[in-house]
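Residue-level listing of the chains:
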Amino acid sequence: MDIPTDLTPELVPLSWLLGKWEGRGRLGAGEADSEHFLQRVSFSQNGLPFVNYQSESFLTDDEGNILRPLSTEMGYWALDRATTEADGGPGLIPGDVVPALRNADDVEKLRNDNGGFDIAVTILHPGNIAELYYGTIKGPQIEMSTDMVMRGANSKPYAGATRIFGLVNGDLYWRWDVTQEGSELEPHASAILHRVDGEVTEDAAENAE
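Student: How do you make sense of the nonpolar core when you look at a structure like this?
Tutor: Where a protein is soluble and globular, its nonpolar side chains tend to be buried together. Residues F43, W77, I142 and M144 are the most contacted members of the largest nonpolar core, which totals 36 residues. Setting aside anything within four residues of it in sequence, one finds F43 in contact with L17, L18, G19, W21, V51, N52, Y53, W77 and L172.

Here you go:
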């Protein structure tokens, strides 16, 4: 995996996600009668200190033939750190031209006690639902859980979630568990995604630590 030359230093720990992925998954806990889906995911960057996330999923039959659209997601992934004058916003207010973290040494100062980095992830859903996750990234592994879920007045019940991601033999494995009000976390979905724009190895991902 080649790390883009225009990549802001603080995105290096997330760089193994960059690219396009596609694969199949199962709803629920993946039992024999669980429905199948196809997912296409993109992680991209444009020079700002976050990764853009987009996903679209389709229900399929057992053989992977698409039956109908299932859902979409979009969001932003970043290291969790204090904002500075280098950070733009809110809205279109520009930040300073000099990045908040200018080199690898600046990024290293953000390592947590477990040797990884804290991350913050915002994910938006259809149906007036938005999630704010906090978690950790360590090499090619991510664990995160919701700190807040915002729902519109007419949105369906949704109280919280956890998600895990991991790179295994170049494939992206993920699992998503969800809870409703007053209930325990339950398996919601899982999938195995393959890169469709090149290859990445676990050694390359470890170089992004």
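Student: How do you make sense of the sheet that holds strand β7 (residues 141–151) when you look at a structure like this?
Tutor: As a general point, the strands of a sheet are linked pairwise by backbone hydrogen bonds and lie either parallel or antiparallel. Around the barrel, which closes on itself, the 10 strands sit in the order β1-β2-β3-β4-β5-β6-β7-β8-β9-β10 with antiparallel pairing between neighbours. The average angle at which neighbouring strand axes cross in this sheet is 25°, direction not considered. Where strand β1 (residues 19–27) and strand β10 (residues 186–195) come together, 7 bridges link them in antiparallel fashion. Residue pairing in the sheet places G23 in a bridge with L193 of β10.

Student: What is the right way to look at the pairing of β1 in this model?
Tutor: Note on strand geometry: in a regular strand, side chains alternate between the two faces of the sheet. Sheet analysis places β1 next to strand β2 (residues 36–44), joined by 8 bridges and oriented antiparallel. Residue R24 lies in a different strand from β2, and its bridge partner there is L38.

Student: Is there a simple way to explain the packing of aromatic side chains in this structure?
Tutor: A ring pair, where both rings are aromatic, is described by two values, the distance of the centres and the angle of the planes. Across all of its chains, the model carries 6 aromatic pairs by this definition. Between F43 and Y53, the aromatic rings sit 5.3 Å apart at their centres with planes inclined by 35°, giving tilted as the arrangement. On the criterion of sequence distance, the pair formed by F43 in strand β2 and Y53 in strand β3 (residues 51–60) is long-range, its members being 10 residues apart. The pair F43 / Y53 is uniform in exposure class, with both members buried. Residues W77 and F165 carry aromatic rings whose centres are separated by 5.3 Å and whose planes lie at 75° to one another, so their mutual orientation is edge-to-face. Separated by 88 residues along the polypeptide, W77 in strand β4 (residues 66–79) and F165 in strand β8 (residues 160–168) bring together distant segments of the chain. Grouping aromatic residues by their ring pairs yields a cluster made of F43, Y53, W77 and F165. Lying over the aromatic face of W21, R195 brings its terminal NZ or CZ to 4.9 Å of the ring centre.

Student: Explain the environment of K20 to me, please; I cannot follow it from the model alone.
Tutor: Of note, K20 is situated in strand β1. For K20 and Y158, which are 138 residues apart along the polypeptide, the C-alpha to C-alpha distance reads 28 Å. Setting aside anything within four residues of it in sequence, one finds K20 in contact with V41, S42, H194, R195, V196 and D197.

Student: Is there a simple way to explain unusual backbone geometry in this structure?
Tutor: One can expect most non-glycine residues to show negative phi and most peptide bonds to be in trans. With an omega dihedral of 0°, the bond running from G89 to P90 counts as a cis peptide bond. Mapped onto the elements, P90 comes out in the loop between β4 and α1 (104–108). Of note, the phi angle at N128 is positive, near 65°, even though the residue is not glycine. With respect to the helices, strands and loops of the structure, N128 is situated in the loop between β5 (117–125) and β6 (129–138). In this model, N169 sits at a positive phi of 50°, which is unusual for a non-glycine residue. According to the relative accessible area criterion, N169 is exposed, its value standing at 68%.

Student: Got a minute to help me understand the environment of M144 in this structure?
Tutor: Assignment of secondary structure puts M144 in strand β7. Given the relative accessible area of 4%, M144 is considered buried. Linking M144 and F165, residues 21 residues apart in sequence, is a C-alpha distance of 9.0 Å. For M144, the contacting residues outside a window of four places in its chain are W77, I119, V121, I123, Y133, Y134, G135, A161, T162, R163 and F165.

Rules of the game
- Residues numbered from 1 in each chain as written.
- Predicted model: local features only at pLDDT ≥ 70, side-chain atom pairs only at ≥ 80, totals over all residues.
- Heavy atoms only, no water.
- Core = buried A, V, L, I, M, F, W, Y, C linked by side-chain atoms within 4.5 Å.
- Buried < 20%, exposed > 50% of the residue type's maximum accessible area, 1.4 Å probe, protein only.
- Contact = heavy atoms within 4.5 Å.
- Pairing = 2+ DSSP bridges.
- Helix = DSSP H or I, 4+ residues; strand = E, 2+ residues; numbered from the N terminus.
- Axes fitted to C-alpha atoms, helices over the stretch in contact; angles between N-to-C directions.
- Phe/Tyr/Trp six-rings, centres within 6.5 Å; stacked < 30°, edge-to-face > 60°.
- Lys NZ or Arg CZ within 6 Å of the ring centre and 35° of its normal.

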